[in-house]
Amino acid sequence: GSAVDRGADGICVNGSTGEWFSQTVDERRRVAEVAVAAVAGRVPTVVGVTCSRADDAAALVEHAARIGADSVMAAPPPLARPTERELEAYYREVFGAAVIPAWLYNFPQDNGHPVGPDEITRLARIPTVVAVKQSAAGFDELVATVEAAGGAIRVFGSLLSRAGAALVAAGLGDGQVGSGMLLGADQPGFFVAARSGDRRRAEAIADRFGALMAGLAGPRPDGYNWAFGGMQATLKAAMNLLGEPGGHPRRPKLPVDDPTALEGIRRVLRGVGLDCPHPAPA
């Protein structure tokens, strides 16, 4: 609710940050139901349906459509390492389960299978595919995806940077999904500023976001294991310190509970002007 109140243009649940991998299929259905009910149509909802088995993913697509979600998102099946032909067959089966818009999701740091810009362009021909979340490491891959597929589908990625502001101002790239909303209204505010030509404000927010993420991730981030603990655990600890209901990760991920690490997270948050007077929950 607070994300919508602070200007988020949409809500994504059961993604990588949402730890879909540590939930049962029934739990994932329940999370989707709670999220759709809480959003109550104020903004679009995206439900992550990534699964190794196409049958499971298709069942989650059907469920998302039935409860009123606006779209679904799926990465390639983890560990399967599909060929291009196999991946297209997988997506056609999964996204054909219900008439609901669908997102491709490229996060090779997660499932070990990169989907290049040319392949994304081919997959964009699937009738229900309307967008891609491009989470591959490196800005060049995002730019290449915008160039290859931006005319056919919406492209979301790590745009919250000075370079991203230039792309957005030029009408290239559509938004950013993932990793929480620690800067609150400034994160959607970045896109408002960039699109309206307020370059100074957009770059100021980008610099603040860059400092925040660099501080949390540390000097050698690998996409998941950051300076103070795992990605999900770090973001949840930060939310708790800010007074938001972050909770804790599930096994096999472990919470950030070392006092020195928690103080490090608090220091990073304060360094970008975030007030975090709340103690970390036991």
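Our structure's up above, just so we're on the same page.
Note that the structure is predicted; figures quoted are calculated from it, not measured.

A. Representation of the pairing of strand E6 (residues 154-157) in the model. One ladder, built from 4 bridges, connects strand E5 (residues 129-134) with E6; its direction is parallel. Each residue of the ladder has a partner; that of Gln 134, found in E6, is Gly 157. In this region the chain leaves E5, passes through helix H7 (residues 139-149) and returns to the parallel neighbour E6; the handedness of that crossover is right-handed.

B. Structural context of unusual backbone geometry. Here the residue pair Arg 251 and Pro 252 is connected by a cis peptide bond, since its omega of 15 degrees sits within 30 degrees of zero. Among the secondary structure elements, Pro 252 is positioned in the loop between helix H11 (231-241) and helix H12 (259-271). One non-glycine residue, Leu 79, adopts positive backbone phi at about 70 degrees. In this fold, Leu 79 is placed in the loop between strand E3 (71-74) and helix H4 (84-95). Positive phi outside glycine occurs at Arg 81, with the angle close to 50 degrees. Take Arg 81: its relative accessible area is 53%, and that puts it in the exposed class.

C. Here's a closer look at H4. For H4, built from 12 residues, the straight-helix expectation of 16 Å at 1.5 Å per residue is met to within 8% by its first-to-last C-alpha distance of 16 Å. For H4, the set of buried residues is Leu 87, Tyr 90, Tyr 91, Val 94 and Phe 95. On an axial view of H4, the arc spanned by its buried residues comes to 105 degrees, and they lie on one face. Where H4 is buried, its residues contact helix H3 (54-67), E3, strand E4 (102-106), helix H6 (117-123) and E5.

D. Region of interest: the nonpolar core. Counting residues in hydrophobic clusters, the biggest one holds 85 residues, and the most contacted among them are Tyr 91, Phe 95, Leu 212 and Leu 269. With 8 residues, the top contributor of residues to this core is helix H10 (residues 199-217). Residues contacting Phe 95, with those up to four places away along its chain left out, are Val 72, Ala 74, Ala 102, Trp 103, Leu 104, Thr 128 and Val 129.

E. Seen up close, the packing of helix H2 (residues 25-39) against H3. Contact pair H2 / H3: the axes reach a minimum separation of 10 Å and the direction vectors enclose 25 degrees. Taken as axis vectors, H2 and H3 run roughly parallel relative to one another. By crossing handedness, the relation of H2 to H3 is classed as right-handed. The segment H2 lies against H3, with Val 25, Arg 28, Arg 29, Ala 32, Glu 33 and Val 36 engaging Ala 59, Leu 60, His 63 and Ile 67. The class makeup of the residues in the contact of H2 with H3 is 6 nonpolar, 1 polar and 3 charged.

Quick notes on the rules
Residues numbered from 1 in each chain as written. Predicted model: local features only at pLDDT ≥ 70, side-chain atom pairs only at ≥ 80, totals over all residues. Heavy atoms only, no water. Pairing = 2+ DSSP bridges. Helix = DSSP H or I, 4+ residues; strand = E, 2+ residues; numbered from the N terminus. Right-handed = clockwise from strand over helix to strand, strands pointing away. Buried < 20%, exposed > 50% of the residue type's maximum accessible area, 1.4 Å probe, protein only. Expected span 1.5 Å × (residues − 1). Arc of directions from axis to C-beta. Contact = heavy atoms within 4.5 Å. Core = buried A, V, L, I, M, F, W, Y, C linked by side-chain atoms within 4.5 Å. Axes fitted to C-alpha atoms, helices over the stretch in contact; angles between N-to-C directions. Parallel < 35°, antiparallel > 145°, perpendicular 65-115°, else oblique. Left-handed = near helix turned anticlockwise from the far one by under 90°. Nonpolar A, V, L, I, M, F, W, Y, C, P; charged D, E, K, R; others polar.

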